[in-house]
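Examination of the molecular architecture
These are the residues of each chain, in order.
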Amino acid sequence: MMSDGFQHLGGAERVTCTLILSVFTAVLGSLQFGYNIGVINAPQKIIEQSYNETWIKRQAGVGEPLPIDQATLTTLWSLSVAIFSIGGMVSSFLLGTLAEWLGRKKAMLVNNLLAVIGGILMGLSQYCQSYEMLILGRFVIGAYCGISSGLVPMYVGEISPTRLRGTLGTLHQLAIVSGILVAQIFGLDVIMGTNELWPLLLAVTVFPAVLQATLLPLCPESPRYLYIIRKEEGKAKHCLRMLTGRWDVTKSLMEMKEEKRKMDMEPKVTIAQLFKMASYRQPIFIAIVLQLSQQLSGINAVFYYSTSIFIGMGIQQPVYITIGVGIVNTAFTVVSLFLVERMGRRTLHLLGLAGMSGCAFTMTISLALLEKLPWMSYISTVAIFGFVAFFEVGPGPIPWFIVAELFSQGPRPTAMTIAGFANWTSNFIVAMTFQYIVELCGPFVFLIFALLLIGFFGFTYFMVPETRGKTFEQIAATFRRNPSFLDWEFKQNGTELEYLDDDSTV
Ligand SMILES: *[C@@H]1O[C@H](CO)[C@@H](O)[C@H](O)[C@H]1NC(C)=O
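What counts, and where the lines are drawn
Residues numbered from 1 in each chain as written. Predicted model: local features only at pLDDT ≥ 70, side-chain atom pairs only at ≥ 80, totals over all residues. Heavy atoms only, no water. Patch = residues over 30% accessible without salt bridge, like charges linked within 9 Å, V, L, I, M, F, W, Y side chains within 5 Å. Areas by Shrake-Rupley, 256 points an atom, 1.4 Å probe, with all protein chains shown as cover. Salt bridge = Lys/Arg side-chain N within 4 Å of Asp/Glu carboxyl O. Helix = DSSP H or I, 4+ residues; strand = E, 2+ residues; numbered from the N terminus. Near = heavy atom within 4 Å. Polar contact = N/O pair within 3.5 Å; in protein donor to acceptor, adjacent residues only side chain to side chain. Nonpolar A, V, L, I, M, F, W, Y, C, P; charged D, E, K, R; others polar. Phe/Tyr/Trp six-rings, centres within 6.5 Å; stacked < 30°, edge-to-face > 60°. Buried < 20%, exposed > 50% of the residue type's maximum accessible area, 1.4 Å probe, protein only. Disulfide = S-S within 2.5 Å. Expected span 1.5 Å × (residues − 1). Bend = angle between axes of the 7 residues up to and from the residue.

1. A few points about a nonpolar patch on the surface
Together, F93, I271, F275 and F421 give the surface a local cluster of nonpolar side chains, amounting to about 340 Å² of exposed area. Counting through the fold element by element, F421 comes out in helix α20 (residues 412–441).

2. Comments concerning the environment of E473
Within the secondary structure layout, E473 lies in helix α22 (residues 472–481). Separated by 432 residues in sequence, E473 and N41 have C-alpha atoms that sit 45 Å apart.

3. A look at the site of the ligand
Taken together, the residues surrounding the ligand are Q49, N52, P67, I68, Q70 and L73. Between the ligand and N52 there is a distance of 2.3 Å, counted from an oxygen atom to a side-chain nitrogen or oxygen. For the ligand, the protein covers 51% of the area, taking 360 Å² as the surface of the free molecule. The set of elements that each furnish at least two residues to the shell around the ligand consists of α3 (44–58) and α4 (70–101). Of the residues that constitute the shell around the ligand, the class distribution is 3 nonpolar, 3 polar and no charged.

4. Focus on the packing of aromatic side chains
Counted under the stated rule, the structure contains 16 aromatic pairs. Measuring from ring centre to ring centre gives 6.2 Å for Y35 and F186, while their planes differ by 70°; the resulting arrangement is edge-to-face. In this pair, Y35 is assigned in helix α2 (residues 17–38) and F186 in helix α7 (residues 165–186), connecting sequence segments 151 residues apart. Judged by its relative accessible area of 6%, Y35 falls in the buried class.

5. So, the state of the cysteines
A disulfide bridge is the covalent bond that connects two cysteines by way of their sulfur atoms. The full count for this structure, using the stated rule, is 0 disulfides. The thiol of C359 is unpaired, and the distance to the nearest cysteine sulfur, on C441, comes to 20 Å.

6. Considering α4
Taking 1.5 Å per residue, 32 residues should reach 46 Å; α4 reaches 46 Å between its end C-alpha atoms and fits that length. Along its length, α4 shows its largest kink, about 40°, at L94. Residue G103 follows α4 closely and has a positive phi angle near 90°.

Nothing here speaks to function; it is all geometry.
See below:
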């Protein structure tokens, strides 16, 4: 895919410095998204100890100070990890409004305020003896990430020339996984994963925010936004000229005119309509379950908690395995960029789910046998690497592709919002409950994920059509030919006449 893109470098699609600068500036946001996913993994024990000390200090003067009890500590830490997703969930609903009202560029600029506030709150929490500040900071930085994870692909997609759109779009994903990796490396005890430096580790996210805010004024606004939404043709032309380095931008303008015409033909769909109309019901149900399959696979249990999982297993130097996870994750993101272009979405998702499930079973067995057979720790390490690799092949990227491909222009933005909501919600559930489940089931925690993954495999096998290279009409026809149990419900209610064939009557 990369090669496809860059073949055109010498041709009609020149890569200008402005384009490179704008893409680079934008994906700083994706880098921060990844960073804040990975950053709380390695220093968990250190920060927990600091919560404990704060707890003890606060009782000073009130009799004999008692250390924090394990249950309270688990709750406080789970909340610190998970509230990030609540921030993301809330802000992903504001994303659409913000991007239309301020424009892509100004929205990114303003969003950096959240990153700075979040970073400062987390960085000063230790100094101020307040874990509440850290939790609040995680919420604010989560809100930042919810907005930037939507804005960055939107902006990059809109400023890229058609032929480079796919290639440049993948930089968003690559920046996220690199961010996770960087966070895991910074979290090493020889770098910032220490009793003194962990507040800095969390606050580092302020630097890319400041850098982005400095560079953004040099970047042009999205011409598509200016032309299609603001209807400012002159400004759109100016930005197109900056991005393409050419005076004559008629071709790009024609493309946008065509896009605008298509958009006007297909009005936007509200959330309520999306659930009410029969023709959307099955696709939106599939979109939601696919997002659940991504998060309930347990992937973020690994990204948020792998170090403590490995400590629990009695493995030496758990942080290095966590970094191994980050490296495998980055490598397989690149592999998957090539695969997605060549193989069907459905096939890749099935492959990924089956592989993850196999690895989760292996992990369960090896963890259970660890006491008797210490070399099982190698098996479980390989299994956790495989788990992450299969994630990046299937459940990582594919749910987003399929949602985009199941819906045409009109309902797509709303469908993406709902998919995002399902994603952040299930992300929260895993982040919040994982430690409790570990306390309950010990090594069998991954058995739960293995079984869920089998369930999602079955769902994908029976319910999800192949979307790659198909038109929306063809996909819609698949749903009509294979009415699901959802449609059955309607037949029972005796309302099928309205819904059976003609979507336009609804
Ligand atoms: C809290 O700190 C005290 C004293 O340093 C220690 O004895 C106790 O085990 C710690 N509690 C937890 C839950 O880590």
